[in-house]
Amino acid sequence: MGFLTNLINGISLGSVYAIIALGYTMVYGIAKMLNFAHGDVIMVGGYLCFISMTNLGLPPLVGVLLAVVGCTCLGIVVERLAYKPLRGAPSLAVLITAIGVSYFLQNSALLIWGANPKAFTSVIPLPSVSLFDGQLVISSVTIATVLVAIAVMVGLTLFTSRTKMGKAMRACSEDKGAAQLMGINVNSTISMVFAIGSGLAAIAGVLLCSAYPTLMPTTGSMPGIKAFTAAVLGGIGSIPGAALGGVLLGIIEIFAKAYLGTQFADAIVFAVLIVVLLIRPAGLLGKEIHEKV
Amino acid sequence: MSMLKITDLNVYYGSIHAVKGISFEVEEGEIVTLIGANGAGKSTTLNTVAGLLKPRSGNIEFEGQSLVGVPAHKMVSRGIALCPEGRRIFQDMTVRENLEMGAFTRSDSESLETRKRVYERFPRLKERRTQAGGTLSGGEQQMLAMGRALMSKPKLIMLDEPSMGLAPILVQEIFDIIKELNAQGTTILLVEQNASMALSIAHRAYVLETGRVSMSGDANDLLHDKRVQQAYLGG
Ligand SMILES: Nc1ncnc2c1ncn2[C@@H]1O[C@H](COP(=O)(O)OP(=O)(O)OP(=O)(O)O)[C@@H](O)[C@H]1O
Ligand SMILES: [Mg+2]
């Protein structure tokens, strides 16, 4: 049963990574930038939900909703103020700005909410599910996380393949100039992608804090980096790639922790990334980039 | 009043002065062609009219209204479409999705209606509607690029080297389609390397040389002009 428990926990953790990685990968796809502040939006989402539930006494679902709305707005504002002025700037300048935004968010959280970890109450107030006469216990958060990740994947797939705005997003990701010639407003499309990615980050933050209930200003960093790794592993820019990369990474991490020890787990995760990139530089589902001559 | 009126247009890439005071006009219902050697500034001119590039100075008027400062994504609703150099179709999107993008600013029912028309004109596109744009042949990609531009039902369509890289038989087909579009009422601004073909279907022409208009006039006259023949028609 140990194996099965680990597998389920791995898939669940991986589902959180997948939700975060989707934000990374969609933003990269359209804005061609690595939004290193993405992880910190997770943390902001966690705090917004925490305040709503603990300080304001609102029901969990309202807390989640406020976190999503808050982070969506945050994503739009950050893009507008920090990244939009740098459109067309060298990618190094954009990267450094993103790191700056990341520090800004972390330190703002430190200022507002302090350094002491907060004890997060799970947003899924349901009992665990017990199977095989209690040999396999799955928490309700674990199940909810997997279900939410599946819903997010299905939703995004439908959005990008069926809706006009979703298709416009793909068009902008391929060729912004041509997209403009179609009448697509590239700036508002990029804004929309930041909004979606940040809203998803809020959901990931709430789920993550429900599973690992300590919340502090640096809570988002490590999951952010792992999700970024997942996005690269799956092929940055690819939506199914982000999902696959996330789930794989979660499973690898949990198994490494179980069989090799906690200290090794992170090293293993990054070692896998390096090996995959050596064999498939574009990631598992990424498109080979053909150099233009 | 001309449909499109360009006056003393200057466009720079950084310090490179690519378009140096060009002026020309396109009347409603005309086919006007801009011909000239590589680097003469033809694409720069079209991209500037389409709003993708900002002119340093000069004026662009469409149906009496200035287009300077109008963002590129607002051009289709004014009735201007550009079929850009190199086609730039969306490689990872299907033929149908490419066409849908062409009608981005229009309602779904209008889009569907126009798509039927485009499929009638280009039956090959209909056959390949679920195929990714990037898997089409060069000729099919050109048809898709033109079909996509037509999806917005433009009053003025600007075509940047539609015959580039195509076999002679396809070149003929593309030029026939251009003539047909024009006969059905679309005004056309055509940029071509294939000067003899362009001059043979156009009403009027402008010859561009290193960012300036060096000659202009009736397309048929230019086709028989000694200097034009020597410089652009291979003898
Ligand atoms: N992105 C750019 N950056 C810098 N210079 C450019 C750029 N695009 C074009 N130019 C320069 O501007 C001038 C005009 O180029 P343009 O592409 O308009 O020519 P063209 O007439 O369309 O040529 P072709 O027939 O080869 O397509 C050329 O000298 C070219 O080198
Ligand atoms: Mg050109």
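Before reading further, recall that the structure is shown in the block above.
Residues numbered from 1 in each chain as written. Chains lettered and ligands numbered in written order. Predicted model: local features only at pLDDT ≥ 70, side-chain atom pairs only at ≥ 80, totals over all residues. Heavy atoms only, no water.

Draft legend 1. Summary view of the pattern of salt bridges. All names here are of chain B. Under the definition given, this model contains 18 salt bridges over all chains. Glu100 is the salt-bridge partner of Arg96, the closest N and O atoms lying 3.7 Å from each other. Of this pair, Arg96 and Glu100 are both found in helix α3 (residues 95-102), four residues apart, which corresponds to roughly one turn of the helix. You can call Arg96 partly exposed: its relative accessible area is 37%. (Salt bridge = Lys/Arg side-chain N within 4 Å of Asp/Glu carboxyl O. Helix = DSSP H or I, 4+ residues; strand = E, 2+ residues; numbered from the N terminus. Buried < 20%, exposed > 50% of the residue type's maximum accessible area, 1.4 Å probe, protein only.)

Draft legend 2. Quick peek at the interface of chain B and chain A. With 23 residues of chain B at the interface, the matching set in chain A holds 19 residues. Where chain B abuts chain A, roughly 2000 Å² becomes buried across the two surfaces, and 59% of that area is made up of carbon and sulfur atoms. A salt bridge links Glu97(B) to Arg170(A); the nearest nitrogen and oxygen atoms lie 2.9 Å apart. Our count for the chain B to chain A interface comes out at eight residue pairs in polar contact (both at pLDDT 80 or more). Here the side of chain B that touches chain A takes four residues from α3(B), the largest share from any one element. (Contact = heavy atoms within 4.5 Å. Buried area = accessible area lost by both parts, 1.4 Å probe. Polar contact = N/O pair within 3.5 Å; in protein donor to acceptor, adjacent residues only side chain to side chain.)

Draft legend 3. Here's a closer look at the coordination of the magnesium ion (ligand 2). Residue and element names in this part refer to chain B. Ser43 (OG) and Glu85 (OE) make up the full set of protein donors to the magnesium ion (ligand 2), lying at 1.9 to 2.4 Å. Remark: Glu85 occurs in the loop between β6 (80-83) and α3 and Ser43 occurs in helix α1 (residues 42-49); sequence separation between them is 42 residues. Note on Ser43: relative accessible area 15%, which makes it buried. Look at Glu85 and you get partly exposed, because its relative accessible area is 35%. (Donors = N, O, S within 2.8 Å, 3.2 Å for Na, K, Ca; no water.)

Draft legend 4. Representation of the site of ligand 1 within the structure. Residue and element names in this part refer to chain B. Close contacts around ligand 1 come from 14 residues, with Lys42, Ser43, Thr44, Glu85 and Gln193 the closest. Ser43 places a polar side-chain atom, nitrogen or oxygen, 2.7 Å from an oxygen atom of ligand 1. The separation between an oxygen atom of ligand 1 and a polar side-chain atom of Thr44 is 2.4 Å. Within the complex, 63% of the 630 Å² of free accessible area of ligand 1 lies under protein. Elements with a minimum of two residues in the shell around ligand 1: β2 (16-26) and α1. Broken down by element, the residue count for the shell around ligand 1 peaks at three residues, all from α1. Classifying every residue of the shell around ligand 1 gives five nonpolar, six polar and three charged. (Near = heavy atom within 4 Å. Areas by Shrake-Rupley, 256 points an atom, 1.4 Å probe, with all protein chains shown as cover. Nonpolar A, V, L, I, M, F, W, Y, C, P; charged D, E, K, R; others polar.)

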